[in-house]
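# Notes for the structure review
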Amino acid sequence: MTQRIEARFEKCRAEGRAALVTYVMAGDPDLETSFEIMRNLPKAGADIVEFGMPFTDPMADGPAIQAAGLRSLKGGQNTIKTLDLVRRFRREDSDTPIILMGYFNPIYVYGVDRFLKDAKEAGVDGLIVVDLPPEEDDELCLPALSAGLAFIRLATPTTDDKRLPAVLANTAGFVYYVSITGITGAATPDFGKVSTAVERIKRHTPLPVVVGFGVKNGAHAAAIAKGADGVVVGSALIDALKGTLDPQERATSRSVEAVTTLVKELSEGVRSVSKRAAA
Amino acid sequence: MSAPAQPNSFRTGPDERGHFGMFGGRFVAETLMPNILELEKAYDEAKADPSFKADMDSYMAHYIGRPSPLYFAERMTEHLGGAKIYFKREELNHTGAHKVNNVLGQILLARRMGKKRIIAETGAGQHGVATATLCARFGLECIVYMGAVDVERQKPNVFRMKMLGAEVVPVQSGTKTLKDAMNEALRDWVTNVADTFYCIGTVAGPHPYPAMVRDFQCVIGNETRVQMMQAEGRLPDSLVACIGGGSNAIGLFHPFLDDRGIEIYGVEAAGHGLDKLHAASLSGGRPGVLHGNRTYLLMNEDGQIQDAHSISAGLDYPGIGPEHAWLHDVGRVNYISATDDEALAAFQLCSKLEGILPALEPSHALAKVMDLAPTKPKDHLMVVNISGRGDKDIPQIAEILGAKI
């Protein structure tokens, strides 16, 4: 059920490197620019793509992703349009794993069963839903696994050894380690602590462990790539996009390129660390 | 949709996972889960500890000034010509509202847990003031998140909080009101999870907050039972309270839920009207998930949260506590609503007839008392919770009425 995700990590392992996972907000700043950005991500070096589903009240996100969500919503983005973007992406690219990331309410209101069916058919491989801890697995996690979608769990610095088994119990695809206690795009993580944490999680699961939150450039990506199976970058890409918008927050001719340029830098950072020696 | 079957008792919730029927739960980021479980454990231990209750009782009596009076509103009763109206005088509490009952409980709990940094969200500022007050009393650091719009319309409370040593952070994100203040408080908590206690001001948020805040507010209803027995030799016939998140209402209602003959009315804020901008989640919303719990929410067809509107900053929230959502669905409480204009009229009437300036929040409850009382016989005992005093609203009301102060 998670063949695309497994195949992609297998490919990265074969190349002796960590995977680059990129996050952009679906519909930011408008539908067509957003699609142009998405379709260019794999070409620029992204191995797995995460598309944010905008929500008015993103309580775990920092200012960059909050603003991106509001830009997207202002442009009329909704769940139907986000799934449509996935379909368009999938028509051109049948290999890159697609993860949808967001909050539960828009999915709940869309209808869990309907959402899972439509997401699967559109070509989604996995879901990250920030406000669904293991205590609420009945809501979406278990139905998603039955529907053949990976439910990717966030593990955090506060997830201790006692709690880790519960967090890892119904997960699939990969584990997303949140490098800091905090919101997206905030502090730069302590790379030493992150690598210790990744080792700790790996003792509990055979799944790949990717690390995100606070990764801003190629050097950060390289530092994370030493210990982790993948590096997630989101807010930094959104900041790069935002820097090109006009005063009315509309896309300009530089918008797509600003994102892909940073993705290339991150990709080089990830590829600069050979993991063959360690394997 | 048919109403769910009536339970044997309405007072047994929530279950161990924090559910009131389908509502409630723990919809939070993983980072917060260990903290929420720690809080639940600490609260369970405190509840079982007689010294915690003794501490609560002592501060309730000597610091807050409880019990608050149950006052026979004679002139209001005469004017409306029906039910005998009693005011539960929560506005006489130290800091001027019911909010302090809950804050005292949470701050004593934070001390037990060794947490030195307290964060809170506030709408009207009453919860922020109460939190700043108790933090001053116990020497704790206090950070209050308040929507930038509310900072502007509740200036007296902002200044009070600062005088009490709290840092007030104006929240510029989203709609810049209570829901955004709560988002920002949650972001702070996720960032400073190790040393920080989040003091939530209403019966919402992830389990155990809705149950814990309710328990701390039940002093209102428990006192009312005793006081009404002393005054009239029997229990009241009806209860009326305003609802934003719903903490003053659940505090009055909960001890009476199993007295099935008692009519209970929760009054939401209908703003400009239910067909226009309002804050009535039960009357105009649908079930959804926000701020850690499933409840009725104001939202669009895509699940995006919509702006609430009320003249009263304390009711200006697009959700409602999950226990109210359940009590609505099982039909035990009648949820009705009052508009901005109705609340303003009730504020003026109460001030002139009783010499009591109610806050704009309980003015919504009074507005419905004005509708309900005349339809009842003279021996009908009606209790309305005057959950806060109106001093904080004076600048805003003066502006609306075109007066210069």
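This one's a predicted model, so the numbers in the text were calculated from it and none came from an experiment.

What chain A contains, in helices and strands, is 12 helices and 9 strands. By the compact-globule yardstick of 19 Å for 279 residues, chain A fits well, its C-alpha radius of gyration being 17 Å. Dimensions of chain A, computed from the C-alpha atoms along their principal axes, are close to 45 × 40 × 35 Å. The buried share of chain A, reckoned over its 279 residues, is 57%. The long-range share in chain A, meaning contacts at least 24 apart out of those at least 6 apart in sequence, stands at 73%.

Residue and element names in this part refer to chain B. Each domain of chain B was delimited in the assignment, giving domain 1 (19-59 + 98-213) and domain 2 (67-96 + 218-400). Of note, the centres of domain 1 and domain 2, computed from C-alpha atoms alone, are 22 Å apart. Facing 39 residues of domain 1, the contacting portion of domain 2 comprises 42 residues. Contributions of two or more residues to the side of domain 1 that touches domain 2 are made by β2 (23-27), α4 (99-113), α5 (126-138), α6 (148-153), α7 (155-163), α8 (178-191) and α9 (209-217). With 5 residues, the top contributor of residues to the side of domain 1 that touches domain 2 is β2.

On to the UniProt feature "domain: Tryptophan synthase beta chain-like PALP" (unreviewed entry) in chain B. Feature annotation in UniProt assigns "domain: Tryptophan synthase beta chain-like PALP" (unreviewed entry) to the following positions: residues 65-388 of chain B. Secondary structure over residues 65-388 of chain B splits into 42% helix and 20% strand, and the C-alpha atoms at its two ends are 14 Å apart.

Time to look at the sheet that holds strand β3 (residues 70-72) of chain B. Residue and element names in this part refer to chain B. Pairing is mixed across the open sheet formed by 6 strands, whose spatial order is β3-β4-β14-β9-β10-β13. Two strands bound the open sheet, and with one partner strand each, they are β3 and β13 (334-339). Averaged over all adjacent pairs, the angle separating strand axes in this sheet is 30°, with direction ignored. Alignment of β3 against strand β4 (residues 84-88), held across 3 bridges, turns out to be antiparallel. Across the sheet, Leu 70 pairs through a bridge with Lys 88, a residue of β4.

All names here are of chain B. The sites that carry the UniProt feature "modified residue: N6-(pyridoxal phosphate)lysine" (unreviewed entry) are, in the present numbering, Lys 99. When you line up the elements, Lys 99 lands in helix α4. When residues no more than four places from it in sequence are discounted, the contact partners of Lys 99 are Gln 126, His 127, Ala 130 and Gly 201.

Our focus in this paragraph is the interface of chain A and chain B. Taken together, the 34 residues of chain A in the interface contact 27 residues of chain B. Mapped onto the side of chain A that touches chain B, the elements with two or more residues apiece are α3 (63-74), α5 (104-110) and β6 (153-155) of chain A. Per-element tally for the side of chain A that touches chain B: the top contributor is α5(A), with 6 residues.

Here the focus is helix α1 (residues 3-14) of chain A. Taking 1.5 Å per residue as the helical rise, α1(A) with its 12 residues ought to reach 16 Å, and the 16 Å between its terminal C-alpha atoms agrees with that figure. On its buried face, α1(A) is in contact with β1 (19-25), β2 (48-52), β4 (126-129) and β5 (150-151) of chain A.

Bringing the pairing of strand β6 (residues 141-147) of chain B into the picture now. Residue and element names in this part refer to chain B. Across the 7 residues of β6, 6 count as buried, placing the element largely inside the fold. Sheet analysis places strand β5 (residues 117-122) next to β6, joined by 6 bridges and oriented parallel. Each bridged residue has a counterpart across the sheet, and for Glu 121 the counterpart in β6 is Tyr 145. One crossover worth recording links β5 to the parallel β6 by way of α5, and it is right-handed. With 5 bridges connecting them, β6 and strand β7 (residues 167-171) associate as parallel partners. The residue bridging Ile 143 from the neighbouring strand is Glu 167, located in β7.

A word on the sheet that holds β6(B). All names here are of chain B. Taken in spatial order, the 4 strands of this open sheet run β7-β6-β5-β8, and their pairing is parallel. Single-partner strands in this sheet number two, and they are β7 and β8 (196-198). Mean inter-strand twist for the sheet, computed between neighbouring axes without regard to direction, equals 25°. When β5 meets β8, the two strands line up parallel, connected through 3 bridges. Bridging from a neighbouring strand, Ile 119 pairs with Tyr 198 of β8. Along the sheet, α8 makes contact with β5, β6, β7 and β8, crossing β5 at roughly 160°.

Right, let's get into unusual backbone geometry. Each neighbour pair has its own omega, and for Gly13(B) with Pro14(B) the value is 0°, a cis peptide bond. With respect to the element layout, Pro14(B) can be found in the segment before β1 (19-20). Here Arg66(B) and Pro67(B) are connected by a cis peptide whose omega angle stands at 0°. Turning to its location among the elements, Pro67(B) is positioned in the loop between α2 (50-64) and β3. One non-glycine residue, Phe213(A), adopts positive backbone phi at about 85°. On the secondary structure map, Phe213(A) appears in the loop between β8 (209-212) and α10 (218-225). The residue Glu249(A) is not glycine, and still its phi comes out positive at about 65°. Tracing the chain through its elements places Glu249(A) in the loop between α11 (235-242) and α12 (255-271).

Attention shifts here to the packing of α11(A) against α12(A). Residue and element names in this part refer to chain A. Axis separation between α11 and α12 bottoms out at 8 Å; the angle between their running directions is 145°. Crossing geometry of α11 relative to α12 is assigned as right-handed. Seen from α11, the contacting residues are Ala 236, Leu 237, Ala 240 and Leu 241; seen from α12, they are Ser 255, Ala 258, Val 259, Leu 262 and Val 263. Within the contact of α11 with α12, the residues separate by chemical class into 8 nonpolar, 1 polar and no charged.

Moving on to the packing of α2(B) against α4(B). All names here are of chain B. Taken N-terminus to C-terminus, the directions of α2 and α4 make an angle of 140°; their axes are 10 Å apart at the nearest point. With respect to α4, the element α2 is oriented oblique. Crossing of α2 against α4: the hand is right-handed. Of α4, the residues touching α2 (which contributes Phe 52, Asp 55, Met 56, Tyr 59, Met 60 and Ile 64) are Val 100, Leu 104, Gly 105 and Leu 108. When the residues that make up the contact of α2 with α4 are grouped by side-chain class, the tally is 8 nonpolar, 1 polar and 1 charged.

Residue and element names in this part refer to chain A. With 17 residues, α12 extends 25 Å between its outermost C-alpha atoms, agreeing within 8% with the 24 Å of an ideal straight helix rising 1.5 Å per residue. All buried positions along α12 are accounted for by Ser 255, Val 256, Val 259, Thr 260, Leu 262, Val 263, Leu 266, Ser 267, Gly 269 and Val 270. Elements in contact with the buried residues of α12: β1, α2 (31-44), α10, β9 (230-233) and α11.

Bringing the nonpolar core into the picture now. One broad rule of soluble globular proteins: the nonpolar side chains tend to lie buried together. Ranked by internal contacts, the top residues of the largest apolar core, which has 224 residues, are Tyr177(A), Val210(A), Val231(A) and Leu237(A). Per element, the largest residue contribution to this core is 7 residues, and it comes from α8(B). Both of domain 1 (19-59 + 98-213) and domain 2 (67-96 + 218-400) of chain B provide at least three residues apiece to this core. When neighbours within four sequence positions are excluded, Leu237(A) is seen to be in contact with Thr22(A), Tyr23(A), Val24(A), Val259(A), Leu262(A) and Val263(A).

Cut-offs used in this document
- Residues numbered from 1 in each chain as written.
- Chains lettered and ligands numbered in written order.
- Predicted model: local features only at pLDDT ≥ 70, side-chain atom pairs only at ≥ 80, totals over all residues.
- Helix = DSSP H or I, 4+ residues; strand = E, 2+ residues; numbered from the N terminus.
- Rg over C-alpha atoms; globule rule 2.2 N^0.38 Å.
- Buried ≥ 20, exposed ≤ 12 C-beta atoms within 10 Å, placed from the backbone.
- Contact = placed C-beta atoms within 7 Å.
- Domains from an automatic or database assignment.
- UniProt positions renumbered as here; feature names shortened; annotations may be inferred.
- Pairing = 2+ DSSP bridges.
- Axes fitted to C-alpha atoms, helices over the stretch in contact; angles between N-to-C directions.
- Expected span 1.5 Å × (residues − 1).
- Right-handed = clockwise from strand over helix to strand, strands pointing away.
- Left-handed = near helix turned anticlockwise from the far one by under 90°.
- Nonpolar A, V, L, I, M, F, W, Y, C, P; charged D, E, K, R; others polar.
- Parallel < 35°, antiparallel > 145°, perpendicular 65-115°, else oblique.
- Core = buried A, V, L, I, M, F, W, Y, C linked by C-beta atoms within 7 Å.

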